[in-house]
Amino acid sequence: MTVTPLNPDQSAAVEAQVREAVLRHSSVQDCAIVLNGPATGARHCVRCGITAAYPGLTFDADGVCSLCTHYAAHRRAVHDYFRPPEELAPTLRAAAEARGSAYDCLLLFSGGKDSSYVLYRLVDLGLRVMTFTFDNGFISRTALRNCLAITEELGVEHITATRADQKAVFLDSLRDHKSVCNGCFRSLLDLSTELAHTRNIPSIVTGLSRGQIMDERLSWFHERGVFDVAEIEEKLRLGRRAYHSAHSAHSASAVDQASTVDQASAVDTVRIVDYFRYSEVTKTDIRAFLRERSDLWSQPVDTGFCSSNCMINDVGVYVHSAERGYHNYEAPTRWEVRLGHLTVAEADEELSGPVDTAQVHRMLATIGYPDPADRDRIGARLSVYYVPRDGTAPARLAAAVAPTLPAALRPAQWIPVDEIPRSGGVVDRWALRSRQRAAISGSRTGSTAIAAPEDSPRRYPLTAGQLALLGEGGGARALALTLDDTAGGPAELKAVILQLLLHHDALRLRFDESGAGGSGGSGGAGWRQYHEGVGGRLPVATLNLRDRGEAEEAELVDRARARLVAALDPAGGRLLRAAVLDRAPRPAGLLLVVHELVADVESWRVLLEDLDLGLGQLRAGGVVEPAPAGSFPSDLGTPRLPGDRSTAHRIGAYLAEVLAQPVDVLDHTVRNRTNRLIAPLPDAPLADPRSADTQPADAQPAVRYEHFGDLAAVLTPDAARWKLTGRYVEEFARPSGGHGRALTVTGRVHDGALDLTWWAEPALRARLAEDRAAQRLDAKLRGLDAGAS
């Protein structure tokens, strides 16, 4: 397949231009630039045939790849995971009987050869089977006819489903993984898990081949020396739960929006069973079985060359080969060779079939993904391998180099290595891949390793406010923004949020209770916080709100907000979550959720200012660089001190008179810090100094007043590229966590009027109502300029 129109001289010129730009950066000691494309001239393993273009491989003196060597050394331990065929039916029946289910399993049924074979075998075992087909919009019509004909023949209940935004899912999958299969499988897994949960079916059966099981389930563990089956199964279960938790929070689909099922909870009641974990049947055996057993099954021909049920996987092959430099089925197909299910020649034939380039171009246009062959997309195919002087993270280096290169030549992958291998002064491109440590653009597992964390990060004690907040169970604030037309789309917003994560250490904190002592009010001696690198998937999803009415949109955003809040995990370093609100053709929006452990109201103001600054820099074509952390912009004026009898402290003084007890005051409308960094909750609130001599030095007032002023004005920078929207502004003005006060009163200016809300336990609220405290405070506040802040 021909992907690049560049001749060798042009390719060399592009690589030289990018290399020169990278080497100008003082933190780079050495580098090599690779313009990826379909692998040509690479060495291949003499045993399995895998290409050296596949990342992370090394070859021994005999030309055997490291995967083959590792498999040979651990063959028995590897095969311990696979089970004898006679265990399958009892396993499925036992789970169904324990649940009282009408079905033993739900089979993921595509109508291709593998899943058709599995369906016949499950029915032969006497199992009660329901089948589920996901129509991704590009599935073979022949395969769909197979599904209907075979299920009717066998008397099996069959359900087919699709999702309205699958093209958008494919687009995200191509952007993140350079493949369509990741997005397709994500949709399939989400829909089938929901169906199985709803129908009380305890087991989903897949038709993943043993090669796919090795590549997608087991290799990661084996490479790390983990072979214990029980440990692997438990970690796969936890990983699947994390996957569903993340995607239920991050997903943008109509499926998620319409669903009332919590995916993370559903995964606890539904397990995945791979049929071929219990069967060693080969592809040749499967074809022979279908020829003999079924007159109804037809070999689909309206498919991609590497699929028996789908057309669009040719798009993934084309894009992955162009932008990664190797076939996206390379790993699982070569595992089939190691396991003895294919010969090297058969594997080569499967991977070398022709791609219908004209059809691929049409499908790319339908999805909206740019053709990698376009000259203005050369950067998507460029990989920078660099030796850092000071541990410079890929994201920071990419941002620093970007302004010195044309947009079309900005590399997509930045990979730190220990050294650049050369032979006779020439870069050994294939050896480079074996030295890869962490790439900004992701791995075959779909995660994005942007910067590796420190091996032993230094741990710090928590502030008093943080400890109190942990004792209360934690909390989060959320805001919804409506962006203007200059703010950009999901890609731009992801770039900005990445820079916010890199700039603000607090957003990368992790919390653990590793020592003695409890949490929160019990002393919290064991709690520690420490900084991590920005690892894993960027916490930005897209929520599809196109063609939604106002009421429906509000409901969907509420649901997304709940999922984002639920996905926050201080122990896992997940302290910020965001969703782009796609309202096309109306202006887009952004939903932001931040854990209160790391961001008070003043921190939110800094975060939003940096967000707006980043959007403006991207709009101007520059690199996102938040404002320096040393000081605020000079045009913001001098912060008012608590002693200047500001609105907040006058209200606090009146409240103290009404209640006849001290009141501390937290005024969110003034700047109290002298830097521009997001910070954790302060140890103590700002108190009115006028009352300091009326109470013991060690006393903590039982009452707090928090003044938010006009939040839209407090939180929105001048000429911002967005505006606050929705009722989340009102919800934002709630008491800060971690203060332990019996009573908190919050004040917010809305439409020129001061709204006060009293927060207390029911018994105290009843006493306050009996004392008419709110009415007496209102009387004292008459004449106070409600618009002051």
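Residues numbered from 1 in each chain as written. Predicted model: local features only at pLDDT ≥ 70, side-chain atom pairs only at ≥ 80, totals over all residues. Heavy atoms only, no water.

1. Re the sheet that holds strand S4 (residues 157–161)
Next up, step 1: Reading across the sheet, the five strands line up as S4-S3-S2-S5-S6 and stay open at both edges, with parallel pairing between neighbours. Each edge of the sheet is formed by a strand with only one pairing partner; in this case those strands are S4 and strand S6 (271–274). Within this sheet the neighbouring strands show an average axis-to-axis angle of 30°, counted without direction.
Next up, step 2: Here four bridges tie strand S2 (residues 105–108) to strand S3 (residues 129–134), and the two strands are oriented parallel to one another. From the neighbouring strand, Leu106 faces S3, where its bridge partner is Met130.
Next up, step 3: The strands touched by helix H5 (residues 113–124) are S2, S3 and strand S5 (203–206); relative to S2, the strand with the most contacts, the crossing angle is about 155°. (Pairing = 2+ DSSP bridges. Helix = DSSP H or I, 4+ residues; strand = E, 2+ residues; numbered from the N terminus. Axes fitted to C-alpha atoms, helices over the stretch in contact; angles between N-to-C directions. Contact = heavy atoms within 4.5 Å.)

2. Brief notes about the sheet that holds strand S7 (residues 382–388)
Two orientations exist for strands paired in a sheet by backbone hydrogen bonds: parallel and antiparallel.
Next up, step 1: Within the open sheet, the three strands sit side by side as S1-S7-S8. Their pairing is mixed. On the outer flanks of this sheet lie strand S1 (28–35) and strand S8 (413–416), each paired with one strand and no other. In this sheet, neighbouring strand axes are inclined to one another by 20° on average, regardless of whether the strands run parallel or antiparallel.
Next up, step 2: Judged from the four bridges that link them, S7 and S8 form a sheet pairing that is parallel. Note that in S8 the partner of Tyr386 across the bridge is Pro416.
Next up, step 3: Contacts from helix H18 (residues 394–401) reach S1, S7 and S8, with the element oriented near 125° to S8.

3. Things to note about the nonpolar core
Next up, step 1: Counting residues in hydrophobic clusters, the biggest one holds 44 residues, and the most contacted among them are Leu590, Val598, Trp604, Leu608, Leu611, Leu715 and Trp722.
Next up, step 2: Ranked by residues supplied to this core, first place goes to helix H23 (residues 601–619) with six residues.
Next up, step 3: Ranked by size, the runner-up nonpolar core spans 40 residues in total, among them Phe109, Val129, Tyr275 and Trp297. (Core = buried A, V, L, I, M, F, W, Y, C linked by side-chain atoms within 4.5 Å. Buried < 20%, exposed > 50% of the residue type's maximum accessible area, 1.4 Å probe, protein only.)

4. Re the packing of aromatic side chains
Next up, step 1: All chains considered together, the criterion is met by nine aromatic pairs.
Next up, step 2: An angle of 80° between the planes, with centres 5.0 Å apart, marks the rings of Tyr117 and Phe289 as edge-to-face. Remark: Phe289 occurs in helix H13 (residues 283–293) and Tyr117 occurs in helix H5; sequence separation between them is 172 residues.
Next up, step 3: Residue classification places Phe289 among the buried positions, given a relative accessible area of 14%.
Next up, step 4: Both rings, one in Trp604 and one in Phe732, keep their centres 5.4 Å apart while their planes meet at 90°; by these two values the pair is edge-to-face. Placement of Trp604 in helix H23 and of Phe732 in helix H26 (residues 728–732) is noted, with a sequence separation of 128 residues between them.
Next up, step 5: Judged by its relative accessible area of 1%, Trp604 is buried.
Next up, step 6: The class of Phe732 is buried, set by a relative accessible area of 1%.
Next up, step 7: The lysine or arginine in question, Arg338, covers the ring of Trp335, its NZ or CZ lying 4.5 Å from the ring centre.
Next up, step 8: A cation over a ring is seen here: Arg477 above Phe732, with NZ or CZ 5.1 Å from the ring centre. (Phe/Tyr/Trp six-rings, centres within 6.5 Å; stacked < 30°, edge-to-face > 60°. Lys NZ or Arg CZ within 6 Å of the ring centre and 35° of its normal.)

5. Describing the environment of Ala773
Next up, step 1: Mapped onto the fold, Ala773 is located in helix H28 (residues 773–781).
Next up, step 2: The exposure class assigned to Ala773 is buried, which follows from its relative accessible area of 1%.
Next up, step 3: On a C-alpha basis, the gap between Ala773 and Leu655 in space is 8.7 Å, while along the polypeptide they are 118 residues apart.
Next up, step 4: Filtering out sequence-adjacent residues up to four positions away, Ala773 remains in contact with Val658, Leu659, Trp758 and Leu768.

6. Structural notes on the environment of Ile150
Next up, step 1: Its place among the elements puts Ile150 in helix H6 (residues 141–154).
Next up, step 2: Sequence separation of Ile150 and Gly111 is 39 residues, and the distance between their C-alpha atoms is 8.6 Å.
Next up, step 3: Not counting chain neighbours up to four residues away, the residues in contact with Ile150 comprise Phe109, Ser116, Leu119, Tyr120, Leu296 and Trp297.

7. Thoughts on the pattern of salt bridges
Pairs can form between side chains of opposite charge once their charged atoms are near each other.
Next up, step 1: With the rule as written, the count across this model stands at 28 salt bridges.
Next up, step 2: For the salt bridge of Glu157 with Arg199, the shortest nitrogen-to-oxygen distance reads 3.1 Å. Taken together, the positions of Glu157 in strand S4 and Arg199 in the loop between helix H8 (181–198) and S5 put the pair 42 residues apart, joining distant regions of the chain.
Next up, step 3: In this structure Glu157 comes out as partly exposed when scored by relative accessible area, which is 29%.
Next up, step 4: Arg199 gets classed as partly exposed once you look at its relative accessible area, which sits at 32%.
Next up, step 5: Put simply, Asp582 and Arg546 hold a salt bridge, and the shortest N to O gap is 3.0 Å. Here the residue Asp582 occupies a position in strand S16 (residues 576–582), and Arg546 occupies one in the loop between strand S15 (540–544) and helix H22 (550–567), the gap between them amounting to 36 residues.
Next up, step 6: Using a relative accessible area of 18% as the deciding quantity, one classes Asp582 as buried.
Next up, step 7: Residues participating in the shared-partner salt-bridge network are Arg19, Asp30 and Arg422. (Salt bridge = Lys/Arg side-chain N within 4 Å of Asp/Glu carboxyl O.)

8. Observations regarding the confidence of the model for the protein
For any part of a model where pLDDT is low, the fine detail of the predicted coordinates should not be relied upon.
Next up, step 1: This prediction gives the protein a mean pLDDT of 77; 76% of its residues lie at or above 70.
Next up, step 2: Here residues 248–260 scores under 50 on pLDDT; set against residues more than four positions off or in separate chains, the count is 45 contacts.
Next up, step 3: Confidence drops under pLDDT 50 across residues 621–645; counting only partners more than four residues distant or on other chains, this segment forms 49 contacts. (pLDDT = per-residue confidence, 0-100.)

9. Focus on H5
Next up, step 1: Between its terminal C-alpha atoms H5 stretches 17 Å, which fits the 16 Å expected from 12 residues at 1.5 Å a residue.
Next up, step 2: For H5, the buried fraction is high: nine of the 12 residues fall into the buried class.
Next up, step 3: Every buried residue belonging to H5 is among Lys113, Asp114, Ser115, Ser116, Tyr117, Val118, Leu119, Tyr120 and Leu122, and all of these are buried.
Next up, step 4: The secondary structure elements touched by the buried residues of H5 are helix H4 (88–99), S2, S3, H6, S5 and H13.
Next up, step 5: Taken from the residues just after H5, Gly126 is the one with a positive phi, measuring 80°. (Expected span 1.5 Å × (residues − 1).)

10. Examining the pairing of strand S18 (residues 663–667)
Next up, step 1: With respect to burial, S18 is a largely interior element, five of its five residues being buried.
Next up, step 2: Direction of pairing for S18 relative to strand S19 (residues 703–709): parallel, over a ladder of five bridges. Counted as the bridge partner of Val663 is Val703 from S19.

11. Regarding a negative patch on the surface
Next up, step 1: Where like charges cluster on the molecular surface, the negative patch consists of Asp710, Glu730, Asp751 and Asp755.
Next up, step 2: Position of Asp755 relative to the elements: it lies in strand S22 (residues 753–760).
Next up, step 3: By relative accessible area, Asp755 is classed as partly exposed at 35%. (Patch = residues over 30% accessible without salt bridge, like charges linked within 9 Å, V, L, I, M, F, W, Y side chains within 5 Å. Areas by Shrake-Rupley, 256 points an atom, 1.4 Å probe, with all protein chains shown as cover. Lys, Arg positive; Asp, Glu negative; His and termini not counted. Charge placed at Lys NZ, Arg CZ, Asp CG, Glu CD.)

12. A few points about the state of the cysteines
Next up, step 1: Tallied over the entire structure, the rule returns zero disulfides.
Next up, step 2: In this structure Cys48 is a free cysteine whose sulfur lies 3.6 Å from that of Cys68, the closest cysteine sulfur available. (Disulfide = S-S within 2.5 Å.)

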